[in-house]
Amino acid sequence: MKKLYSVLTIALWSFVGVFVGASLYRCWDYYRRPGLYALTSAPWYLSIQINGILTAAVVLLLLLAMQIVKRKIK
C-alpha cells in the first residue's frame, strides 16, 4: 500500500507540474506573438482555464484515492 501511495503522490505532482509548465508556455507564447491569438474569438487564456478545471478534477480524485490508501495503511 505504501508503494501505491507513493505512485499516487508522484502522479499528483506530475499533473500539477504539467499544468504549470503548459500554462507558463501559453503565457510566454501569447506575449511573444499576440497577433496569432487575436485571430480567434475566444480569449487567449481560455485554454489555461479549461486545463485548470480538468487538472483540479484529476487532483481532487488523486487526493481522494490517496486518503483512502492512507486509511488502509493505518
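For the structure itself, look to the data block above.
Residues numbered from 1 in each chain as written. Predicted model: local features only at pLDDT ≥ 70, side-chain atom pairs only at ≥ 80, totals over all residues. Heavy atoms only, no water.

Caption draft 1: Expanded view of helix α1 (residues 2–32). Helix length check: α1 (31 residues) gives 45 Å between terminal C-alpha atoms against 45 Å at 1.5 Å per residue, within 8%. If you check which residues of α1 are buried, you get Leu8, Leu12, Ser23 and Asp29. Looking at the buried side of α1, the elements it contacts are α2 (34–38) and α3 (46–73). (Helix = DSSP H or I, 4+ residues; strand = E, 2+ residues; numbered from the N terminus. Expected span 1.5 Å × (residues − 1). Buried < 20%, exposed > 50% of the residue type's maximum accessible area, 1.4 Å probe, protein only. Contact = heavy atoms within 4.5 Å.)

Caption draft 2: A look at the packing of aromatic side chains. Within the structure shown, the criterion is met by six aromatic pairs. Geometrically, the ring pair formed by tyrosine 30 and tyrosine 37 is edge-to-face, given 5.8 Å between the ring centres and 65° between the ring planes. For tyrosine 30, a relative accessible area of 21% corresponds to the partly exposed category. A connected cluster of aromatic rings, assembled from ring pairs, spans Tyr30, Tyr31, Tyr37, Trp44 and Tyr45. (Phe/Tyr/Trp six-rings, centres within 6.5 Å; stacked < 30°, edge-to-face > 60°.)

Caption draft 3: Structural view of α3. With 28 residues, α3 ought to run about 40 Å at 1.5 Å a step, and its terminal C-alpha atoms sit 40 Å apart, in line with that. By the burial criterion, the buried members of α3 are Ile48, Thr55, Val59, Leu62, Met66 and Val69. Buried-residue contacts for α3 involve α1.

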